[in-house]
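# Tertiary structure, described
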Amino acid sequence: MTTTSPALVKDVRAASRKLVREFGFLDKTIAGTNLSGSGVHAIMEIGLHPGITAKELAARLKLEKSTISRLLKTLEKRDEIELTRSETDRRAFGLNLTAEGKKTFRTVDQFGERLARGALSRVRGMTAEIVAQSLSAYADALPSPDEATDGSHPSLEIVEGYQTGMIGDIAAMHARTHGPIVGMGPAFESVVSKAMAEFMPRIGNPANNSWCVVEDGQIIGSISIDGEDLGDNIAHLRWFILSERLRGKGLGKALLLKALTHCDRLGFDEIHLWTLKGLEAARGLYEKHSFVLVEEYVGDQWGKAVTEQKFIRRRPK
């Protein structure tokens, strides 16, 4: 265990209190809205994770069941959120933003964006990447080991390489997750399946690899690196997806870090990925790990016109 001096502990605590004050959490309403701090956080989490359940939201916000119930009733009365039946568990209901809720989400998101960009532009002596990594590490370490341990999925593990059934499992997850954006039907799932079928015979080549979250023999999360198809010492990050019920548990970050470690170890100059506009949680994770949006365009390769985005991460100097 690393020993930290009392003076440094006091500095960190003082900085933490200042963060709370600067973001306005001591005010009755924050982020340019007339919502409380808990209301703003609820709007952000629901916006970033459409379909999240009330139980999952309570765990994220560290609020008791009765408190989250009152909060959701208030947001529903304001026409900020709506309940929809879960596609994976017909007995459960997911939370989604209404048109009004999406307007509030944009207000809050833009407020936070302005604060963060302004502060980062004034930081001296360290890069934005170091600030992001340090804050993330500190935030992740705040819960005690007992709080951080999630015992609800003891059988989960991340495995490397080809797994039986992964083409079908991963293509199905993409179709169910992205269908509302690209349009339901066979076009999108067929394209994903065909591309994966081409890649899998090459998965064992040194430049390539895949990592999957496996539960009872089924793939419920994945990421792949194709180091051959783009050429010019560029890696292609592909098929990064996680079952909705597992989001917020750190598994997406763990998968991404395995892929990035593979690319850095092999010395790829760049990593490219293509995604769909509107997947804000994934975009946040990409940007936190130095991916930059370089191109945005409307395409129809999936059978419906959608806005596609290209991100690039360049090898750290």
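Residues numbered from 1 in each chain as written. Predicted model: local features only at pLDDT ≥ 70, side-chain atom pairs only at ≥ 80, totals over all residues. Heavy atoms only, no water.

Now for the sheet that holds strand β3 (residues 157-160). Sheet architecture is open: seven strands sit in the order β3-β4-β5-β6-β7-β9-β8, paired in mixed fashion. On the outer flanks of this sheet lie β3 and β8 (292-299), each paired with one strand and no other. Sheet twist, expressed as the average angle between the axes of neighbouring strands with direction ignored, equals 20°. Here strand β6 (residues 234-242) pairs with strand β7 (residues 270-276) via three bridges, running parallel. Following the sheet pairing, Ala235 is matched in β7 by Ile271. Most of the contacts of helix α9 (residues 186-199) go to β6, to which it runs at about 125°, and overall it touches β4 (209-215), β5 (218-226) and β6. Seen against the sheet, helix α10 (residues 251-266) touches β3, β4, β5, β6, β7 and β9 (306-314) and runs at an angle of roughly 165° to β6. (Pairing = 2+ DSSP bridges. Helix = DSSP H or I, 4+ residues; strand = E, 2+ residues; numbered from the N terminus. Axes fitted to C-alpha atoms, helices over the stretch in contact; angles between N-to-C directions. Contact = heavy atoms within 4.5 Å.)

Along its 14 residues, α9 runs 20 Å from first to last C-alpha, staying within 8% of the 20 Å computed at 1.5 Å per residue. Of all the positions in α9, only Phe188, Val192, Met196 and Phe199 are classed as buried. An end-on view of α9 places all buried positions within 60° of arc, on one side of the element. In this structure, α9 carries Pro186 and Lys194 as exposed residues pointing more than 90 degrees from its buried face. (Expected span 1.5 Å × (residues − 1). Buried < 20%, exposed > 50% of the residue type's maximum accessible area, 1.4 Å probe, protein only. Arc of directions from axis to C-beta.)

Attention now goes to a nonpolar patch on the surface. On the surface, a nonpolar cluster with roughly 330 Å² of combined accessible area is contributed by Leu19, Phe23, Leu115 and Leu135. Note on placement: Leu135 falls in helix α6 (residues 128-141). (Patch = residues over 30% accessible without salt bridge, like charges linked within 9 Å, V, L, I, M, F, W, Y side chains within 5 Å. Areas by Shrake-Rupley, 256 points an atom, 1.4 Å probe, with all protein chains shown as cover. Salt bridge = Lys/Arg side-chain N within 4 Å of Asp/Glu carboxyl O.)

Of note in this structure, Trp239 is not a glycine but carries a positive phi near 55°. If you trace the backbone, Trp239 turns up in strand β6. Given a relative accessible area of 10%, Trp239 falls into the buried group. Positive phi is not limited to glycine here, since Ser290 has a value of about 75°. Tracing the sequence through the fold places Ser290 in the loop between α11 (280-288) and β8.

Let us look at the nonpolar core. The biggest cluster of nonpolar side chains holds 25 residues, and the ones touching the most others in it are Val213, Ile223, Leu237, Phe240, Leu256 and Phe291. Breaking this core down by element, the ones donating at least two residues are β4, β5, β6, α10, β7 and α11. Looking at this core, the element that brings in the most residues is α10, giving six residues. Among residues more than four places away in sequence, those in contact with Phe291 are Leu237, Leu256, Leu260, Ile271, Leu273, Tyr286, Phe311, Ile312 and Arg313. Formed by 21 residues, the second largest nonpolar core is a distinct cluster that contains Leu35, Ile43, Leu57 and Phe105. (Core = buried A, V, L, I, M, F, W, Y, C linked by side-chain atoms within 4.5 Å.)

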